Amino acid sequence: MKRRLSCSLLVLVALAWSAALAQADVRLPKIFGEHMVLQQQMPIPVWGWADPGEKVTVTLGDHSATATACKKGKWSVKLDPVPAGGPYEMKVSGKNDLVLKDVLVGEVWICSGQSNMGFTVSRGNNAKQEIAAAKYPKIRLFTVARNAVEKPVDDVTGNWAACSPETVPGFSAAAYFFGRKLYEELGLPIGLVNTSWGGTRCEAWTSKEAMQSDPDFQPLFERSRVQKLEIRHHPAALYNGMIHPLIPFAMRGAIWYQGESNVSRAEQYRKLFPVMISDWRKRWGEGDFPFYFVQLAPYIYGKNNPCMLAELWEAQLKTLSLPNTGMAVITDIGDLKDIHPKNKQDVGLRLALWALAKTYGKDVVFSGPLYKGLKVEGNKIRLSFEHVDGGLVAKGGALKDFTIAGKDDKFVPAEAVIDGESIVVSSPEVKRPVAVRFAWRHDAEPNLFNKTGLPASPFRTDNLPLVTAGAR
């Protein structure tokens, strides 16, 4: 009898213990963790999971907010803006308590794209010296683990770490040098979230809903359906696994380095890239947050179409028509034989110049010359530019990589001469010119700059049809 009672007691204890385990502890997504940076000057969304009906209170400094978990066990709050600084503690209290220590408040940026964004500090120029000098405890780094999935997920894998010689070698070089410049100029904590994957296409980073309603993007879904693609190449797969779980984490803006995998579809990229940017902005719900991107470096993508990359450059240039965007031009720091140029210091710097000027109001020159307009003057064409900033400069000799054409659309090499803040282009072979192109080849290494040393973007003044297919 005693033995039977003991067995019954054990069963009851086991059932009670199982019931206790079934009670879901309050949980946070991985983007919240010790050593993180939260965005200053705006409400701070915090969300997670708990038992249905459970009350959850989040406290940060002097600010707190309470929510009740819904039937699915999800909860969310918004904390009032918290002053920059720290370290703070964040406490999340329900049936259990979570305490996150060493939390800073400052400026947070999402850093995304393909392999040139993923390219690490350890692989770049002067890696040994850069790593040894990376002692910036107020710069915090978070790398999102690669995850390509068919449907949106709720969480990512990763953790925050203070920037140090131990943590920086495997982090995105472009993102790190961008963040380092911001820290040097602003003196505020900087949080960098690297969510990138090499060899990936823009459509994979865009939500399915943003593309489904446009017939121009239907070939992307058809190709995904009939071809045996890696899962990372499917439309929306990376948005689902590496962007969606971060929303609505408060941040200042995004930087982007991608396009290599879409280079053969420049016409489509003209529409797709702006759609992706607008999609992210809509889903974060914070208006037209800053979005700064890198124009690709010269590289020989193939001999069949030497203008293919130039058409992608143009697609990127046209994206500047979206509000609150900026483009870092890097035609002078590429490597024609390497799709991964090692000079990421200047890439990060040029992205940071856009942010410092346009987001933070600093008085710095942030762009090289951008084509504005033309005037035909007899047998010559005069070109005007924005962002001349002190004057135009031809580095290393006479200007090069200009071509000119008449009504026959046959472009020939041209002489280009700086005249004040404009450039005069001509050729004895073209008596009545109508159009000019600059650096309109994948192997171009142009030498037009402004006096602050920022290069001009490639451009064309004609509107001839693009060579690249729009829907492959």
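Everything below is about the structure printed above this text.
Quick summary incoming for the structure in this document. (Residues numbered from 1 in each chain as written. Predicted model: local features only at pLDDT ≥ 70, side-chain atom pairs only at ≥ 80, totals over all residues. Heavy atoms only, no water.)

Our next topic: the packing of helix α8 (residues 266-284) against helix α9 (residues 308-318). Interaxial distance between α8 and α9 falls to 8 Å at its minimum, and their mutual angle equals 20°. Looking at the two axes, α8 sits roughly parallel to α9. As for the relative orientation of α8 and α9, their crossing is right-handed in sense. Each of Ala266, Tyr269 and Arg270 in α8 lies in contact with α9, whose residues at this interface are Glu311, Leu312, Glu314, Ala315, Gln316 and Lys318. Here the residues of the contact of α8 with α9 are counted per class, giving four nonpolar, one polar and four charged. (Axes fitted to C-alpha atoms, helices over the stretch in contact; angles between N-to-C directions. Helix = DSSP H or I, 4+ residues; strand = E, 2+ residues; numbered from the N terminus. Parallel < 35°, antiparallel > 145°, perpendicular 65-115°, else oblique. Left-handed = near helix turned anticlockwise from the far one by under 90°. Contact = heavy atoms within 4.5 Å. Nonpolar A, V, L, I, M, F, W, Y, C, P; charged D, E, K, R; others polar.)

The subject of this paragraph is the sheet that holds strand β20 (residues 422-426). Taken in spatial order, the four strands line up as β14-β15-β20-β19 in an open sheet, and their pairing is antiparallel. One side of each edge strand has no neighbouring strand; the edge strands of this open sheet are β14 (370-377) and β19 (415-419). Along the sheet, successive strands turn relative to each other by an average axial angle of 25°, direction set aside. With five bridges joining them, β19 and β20 adopt antiparallel strand pairing. Each bridged residue has a counterpart across the sheet, and for Val417 the counterpart in β20 is Val424. (Pairing = 2+ DSSP bridges.)

With that out of the way, let us pick up the pairing of strand β15 (residues 380-386). Of the two faces of β15, only one is covered, namely that formed by Ile381, Leu383 and Phe385; the face formed by Lys380, Arg382, Ser384 and Glu386 stays uncovered. Relative to β15, β14 runs antiparallel, the two being bridged by seven bridges. Directly across from Lys375, in β15, lies its bridge partner Arg382. Hairpin connection between β14 and β15: a loop of two residues separates the two successive antiparallel strands, and Gly378 in this loop has a positive phi of roughly 70°. (Buried < 20%, exposed > 50% of the residue type's maximum accessible area, 1.4 Å probe, protein only.)

Purely spatial values, then, with no claim about function.
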